[in-house]
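So you can see what is in the structure, the chains are spelled out below.
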Amino acid sequence: MGLLDGKVAIITGGAKGMGEFHSRKLAEEGAKVVIGDLDAENGERVAKEIGGDQAVFAELDVTDPDSWERVVQEAKEAFGTIDILVNNAGLAGAITGLLDIEEDLYKKIIDINQNGIFYGMRAVLPTMIEKNEGSIINISSLAGLRHDITVNPAYTASKFAIRGLTKQAAYEFADKNIRVNAVLPGAILTPMAEATLTKEQIDDVSQNLLPMQRFAQPEEVSEVIVFLASDKASYVSGSDYVVDGARATINK
Ligand SMILES: NC(=O)c1ccc[n+]([C@@H]2O[C@H](COP(=O)([O-])OP(=O)(O)OC[C@H]3O[C@@H](n4cnc5c(N)ncnc54)[C@H](O)[C@@H]3O)[C@@H](O)[C@H]2O)c1
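Before going into details, it helps to say that this report is about the structure given with it. (Residues numbered from 1 in each chain as written. Predicted model: local features only at pLDDT ≥ 70, side-chain atom pairs only at ≥ 80, totals over all residues. Heavy atoms only, no water.)

Core analysis: the biggest nonpolar cluster contains 31 residues, and Leu26, Val33, Ile137 and Val183 have the highest contact counts within it. Looking at this core, the elements that each hand over two or more residues are strand E1 (8-12), helix H1 (17-28), strand E2 (32-37), helix H2 (40-50), strand E3 (55-59), strand E4 (84-87), strand E5 (134-139) and helix H8 (218-229). At 6 residues, the largest contribution of residues to this core is made by H8. Beyond its immediate sequence surroundings of up to four residues, Ile137 is in contact with Ile84, Leu85, Val86, Asn87, Asn181, Val183, Ile225, Leu228 and Ala229. Residues Val71, Phe79, Ala169 and Phe173 belong to the second largest nonpolar core, which totals 29 residues. (Core = buried A, V, L, I, M, F, W, Y, C linked by side-chain atoms within 4.5 Å. Buried < 20%, exposed > 50% of the residue type's maximum accessible area, 1.4 Å probe, protein only. Helix = DSSP H or I, 4+ residues; strand = E, 2+ residues; numbered from the N terminus. Contact = heavy atoms within 4.5 Å.)

Sheet strands pair by backbone hydrogen bonding; their relative direction is either parallel or antiparallel. Across the sheet, 7 strands lie side by side as E3-E2-E1-E4-E5-E6-E7; this open sheet has parallel pairing. Edge positions in the sheet fall to E3 and strand E7 (240-243), since each of these pairs with one other strand and no more. Averaged over all neighbouring strand pairs, the angle between strand axes comes to 20 degrees, with direction disregarded. Pairing between E1 and E2: 5 bridges, direction parallel. (Pairing = 2+ DSSP bridges. Axes fitted to C-alpha atoms, helices over the stretch in contact; angles between N-to-C directions.)

With that settled, the discussion passes to the packing of H1 against H8. Think of two packed helices as two axes; the pair is described by the angle between the axes and how far apart they sit. At a minimum axis distance of 9 Å, the contact between H1 and H8 shows a crossing angle of 50 degrees. The angle between the axes of H1 and H8 places the two elements in the oblique class. Two packed elements cross with a definite hand, and for H1 against H8 that hand is right-handed. Side by side, H1 and H8 meet where Met18, Phe21, His22, Lys25 and Leu26 of the first sit next to Pro218, Glu219, Val221, Ser222, Glu223, Ile225 and Val226 of the second. Class assignment of the residues belonging to the contact of H1 with H8 gives a composition of 7 nonpolar, 2 polar and 3 charged. (Parallel < 35°, antiparallel > 145°, perpendicular 65-115°, else oblique. Left-handed = near helix turned anticlockwise from the far one by under 90°. Nonpolar A, V, L, I, M, F, W, Y, C, P; charged D, E, K, R; others polar.)

Note that all results are geometric; they support no functional claim without further evidence.
As structure tokens, this is what we get:
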């Protein structure tokens, strides 16, 4: 018996990075998963590896409301309903200061990270309202809790905004039995981080910035998502789940 047996989940950005781990973990716990991503090649691969009757790939641009409507339709055609939405797709962009960030990049990051979550919730909520049930998990960041030297202002602004949108939706739809929570990951050792940082850099950050002296594995974030998506979290809504190995306790 899985914690998510009988449930249907859409995971945005589910084709690679942390989203791939979330897609696999939710499926392992029994959910049918719809992997929504721009990246068709990796999305198809992950869906195939999970297994044809339990996962499908749906091409999604989270910044495009029409694309969301199509994915909601595809999810219903494939698996009948939608119980869970994991708004995970995101863009970080290079580290810059407030005066250095290109305006186009600023707008793009806000469009994907912040507006994308609004469009996603708006597209999926009518189905959840109709069934009087649902769990939405919006992926913010430790950079949505306090200033973080490893990101840029658009990323910070978008990740703070996600927490606000989460609380708005949690309040508005609480009486419809729809729970909405934010997850705030800290330093996660995604395949991309492993590919871009040297072993020495990873050790240096671990020792100097991270109280647990290590990055998290992506699965350690997926476990929290499974909990929030499941009926075990039946009274958890409007919360910020920080998954940062106590990093926010220090000012680094
Ligand atoms: N990696 C970390 O350490 C870390 C820490 C805190 C928060 N986060 C957040 O976790 C989430 C996943 O991060 P990651 O490191 O796995 O990212 P990633 O870059 O590895 O993967 C992001 C995925 O989102 C998809 N995507 C990008 N734009 C899209 C769009 N417009 N429509 C649909 N899909 C789109 C990409 O194709 C990709 O598959 C992001 O929201 C990120 O901000 C990451």
